[in-house]
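# Coordinate inspection notes
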2 protein chains.
Amino acid sequence: MAGVKLLGFWASPYANRVQIALNLKSISYEYIEQNLRSKSQLLLESNPVHKKVPVLIHGDNPVSESLVILEYIDEVWTQGPSILPSDPHDRAVARFWAAYITDKWYPLISEYRLAEGAEAKAAVKEKILEGVVLLEEAFVTCSQGKGYFGGENIGYIDLVLGSLLGWLRARGETQGITFLDKTKGPELSAWADRFSSHSAVTGVLPTSEKVIEFIKSFTRPN
Amino acid sequence: MAGVKLLGFWASPYANRVQIALNLKSISYEYIEQNLRSKSQLLLESNPVHKKVPVLIHGDNPVSESLVILEYIDEVWTQGPSILPSDPHDRAVARFWAAYITDKWYPLISEYRLAEGAEAKAAVKEKILEGVVLLEEAFVTCSQGKGYFGGENIGYIDLVLGSLLGWLRARGETQGITFLDKTKGPELSAWADRFSSHSAVTGVLPTSEKVIEFIKSFTRPN
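Anyway, here's the lowdown on the structure attached to this text. Model, not experiment: these values are computed from the prediction.

### A look at the overall build of chain A
- Within chain A, the regular secondary structure consists of 10 helices and four strands.
- In terms of C-alpha radius of gyration, chain A reaches 17 Å, essentially the compact-globule figure of 17 Å for 222 residues.
- Seen through its principal axes, chain A has C-alpha atoms that stretch 55 × 45 × 30 Å.
- For chain A, buried positions account for 51% of its 222 residues.
- Within chain A, residue pairs in contact and separated by at least 24 positions form 67% of the contacts whose partners lie at least 6 positions apart.
- Accessible area for chain A stands at about 10,400 Å²; split by element, carbon and sulfur atoms hold 50% of it.
- Each charge class in chain A can be summarised by its mean position, and for the 23 positive and 26 negative side chains these summaries are 5 Å apart.

Given below as structure tokens:
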């Protein structure tokens, strides 16, 4: 079996979701923490287009972009729990929500932070909460009464949304708001606690305290 | 076999790529043109989150988001040419470039149009041309001396980039620029002509003239 390396950064949710997926599949890998202020030759060579973590290097083959890596892992290592469901329509549903979270919902968190004035903030908050209602419905549909979007096990949507929890909590705490509102999304809220305490997740997902400390440490806005 | 319907709009590259994929796989389907200024009940019910075309309805199952639909088609209808390659690393490479085109390169075309002043436009043009060089390299690597990113047949990257050609040409013509620059991307330029005249594509991909007419017809900026 060719060796597996992961170029990551502890506070990157995109790297974190790959770490959790590798843990779930019990894949041995060498984790190589990157200094994002002084990028390594290995990172620049492995991901010359984006120069970003995560990069999974399997043998001689680098794979970039977290969602692409998750699909790759699921296709190469078929042992352990599947990341994506087996039914094509269920797979499409999982990919749909992953795209929704990535492209539509999560960007609202930055939008909220940057919105100026109470009225503008309230408008973004409204959109975030509408999203929570949608994600709550998606959870109920996908989990089928079990603990995760993926059913009994952590799956694709769990990885995509769950990896963002440290940042969601940190950004919420610094701004006095709970993004995953318990009233709008009671099941989702319970899921978030369940995900965070899963053995494949603890030790990977940073606490909100660590993320807040990290946010304070950089001066360059991002 | 459950019936297949596609909710589309003739000028939508996202709908077009699905039409071309269905043609490539010789899948019979009912095409239902949508009026995007007055959305049909069927569209609103089938894609309540985004309310956008394309939506593929397979039996009772709606599938939204063009890239998700392409994967779904490839998984359900295994006859005909494959959209994604079979090797996991090749699949990852195809998904990587599809994401690059969607999230990084194509948005530069709007950025160019909206850039104010010669200097700002030149800076965006530079980024677009850097992208053309990358895509040219990707074409050479993926096509392996054959006609398409997918090799002998139109594949995933072909569908993603090829479906944008009508708009790329139209936006280029109205602004006196050729985005797929022939000097920077000679192979890519030849590929674009080849793709446009493929039997699965002609009759689906709108001409730049039709797109320009369409752009002139709407007053709401988008």
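There's more to say after this.
### A word on the side chain of Ser163(A)
Residues and elements named next belong to chain A.
- With respect to the element layout, Ser 163 can be found in the loop between α7 (156-162) and α8 (165-175).
- The class of Ser 163 is buried, set by a relative accessible area of 1%.
- A distance of 3.0 Å separates the side chain of Ser 163 from the side chain of Arg 17, its partner in a polar contact.
- Within the structure, the side chain of Ser 163 is placed 3.1 Å from the backbone oxygen of Val 160, a separation counted as a polar contact.
- Ignoring sequence-local partners within four residues, the contact set of Ser 163 consists of Pro 13, Asn 16, Arg 17, Asp 158, Phe 195 and Leu 205.

### So, helix α8 (residues 165-175) of chain B
Residue and element names in this part refer to chain B.
- For α8, every residue scored as buried is listed here: Leu 165, Gly 166, Trp 167, Leu 168, Ala 170, Arg 171 and Gly 172.
- Packed against the buried residues of α8 are α1 (13-24), α4 (88-105), α5 (107-114), α7 (156-162), α9 (186-196) and α10 (208-217).
- Gly 176 sits one or two residues past α8 and shows a positive phi near 65°.

### Concerning the relation of the copies chain B and chain A
- Structural alignment of chain B on chain A gives an RMSD of 0.0 Å, achieved by rotating through 180° and translating 0.0 Å along the axis. When the rotation and shift are considered jointly, the pair of chain copies conforms to a two-fold rotation axis. Nearest to the rotation axis, the C-alpha of Asp103(B) is located 4.8 Å from it, this being the minimum over chain B.
- A shared interface surface links the copies, since 100% of the contact residues of chain B are contact residues in chain A too.

### Considering the interface of chain B and chain A
- Chain B puts 25 residues into the contact, and the matching count from chain A is 25 residues.
- Across the interface of chain B and chain A, roughly 2,100 Å² is buried in total on both sides, 68% from carbon and sulfur atoms.
- At the boundary of chain B and chain A, one finds six salt bridges.
- Glu75(A) is the partner of Arg91(B) in a salt bridge, and the nearest nitrogen-oxygen pair spans 2.9 Å.
- Elements with a minimum of two residues in the side of chain B that touches chain A: β4 (61-64), α3 (66-76) and α4 of chain B.

### Regarding the nonpolar core
- Formed by 73 residues in total, the largest nonpolar core has its most connected members in Leu56(A), Ile73(A), Trp105(A), Phe149(A), Leu168(A), Leu188(A) and Trp191(A).
- Of the residues that make up this core, three or more belong to each of domain 1 (4-76) and domain 2 (88-217) of chain A.
- Those residues in contact with Trp105(A) that lie beyond four places of it in its chain are Tyr100(A), Ile128(A), Gly131(A), Val132(A), Leu135(A), Leu161(A), Leu168(A), Phe179(A) and Leu180(A).
- Counting residues in each nonpolar core, the second largest holds 72 residues, with Tyr72(B), Ile73(B), Leu188(B) and Trp191(B) among its members.

### Here's the deal with helix α3 (residues 66-76) of chain A
- Counting buried positions along α3(A) yields eight of 11 residues, so the element is predominantly enclosed.
- All buried positions along α3(A) are accounted for by Ser66(A), Val68(A), Ile69(A), Leu70(A), Glu71(A), Tyr72(A), Ile73(A) and Asp74(A).
- Lining the buried residues of α3(A) we find α1 (13-24), β3 (55-58), β4 (61-64), α4 (88-105) and α7 of chain A together with α4 of chain B.

Rules used throughout
- Residues numbered from 1 in each chain as written.
- Chains lettered and ligands numbered in written order.
- Predicted model: local features only at pLDDT ≥ 70, side-chain atom pairs only at ≥ 80, totals over all residues.
- Heavy atoms only, no water.
- Helix = DSSP H or I, 4+ residues; strand = E, 2+ residues; numbered from the N terminus.
- Rg over C-alpha atoms; globule rule 2.2 N^0.38 Å.
- Buried < 20%, exposed > 50% of the residue type's maximum accessible area, 1.4 Å probe, protein only.
- Contact = heavy atoms within 4.5 Å.
- Areas by Shrake-Rupley, 256 points an atom, 1.4 Å probe, with all protein chains shown as cover.
- Lys, Arg positive; Asp, Glu negative; His and termini not counted.
- Charge placed at Lys NZ, Arg CZ, Asp CG, Glu CD.
- Polar contact = N/O pair within 3.5 Å; in protein donor to acceptor, adjacent residues only side chain to side chain.
- Least-squares fit on C-alpha atoms with pLDDT ≥ 70 in both.
- Buried area = accessible area lost by both parts, 1.4 Å probe.
- Salt bridge = Lys/Arg side-chain N within 4 Å of Asp/Glu carboxyl O.
- Core = buried A, V, L, I, M, F, W, Y, C linked by side-chain atoms within 4.5 Å.
- Domains from an automatic or database assignment.

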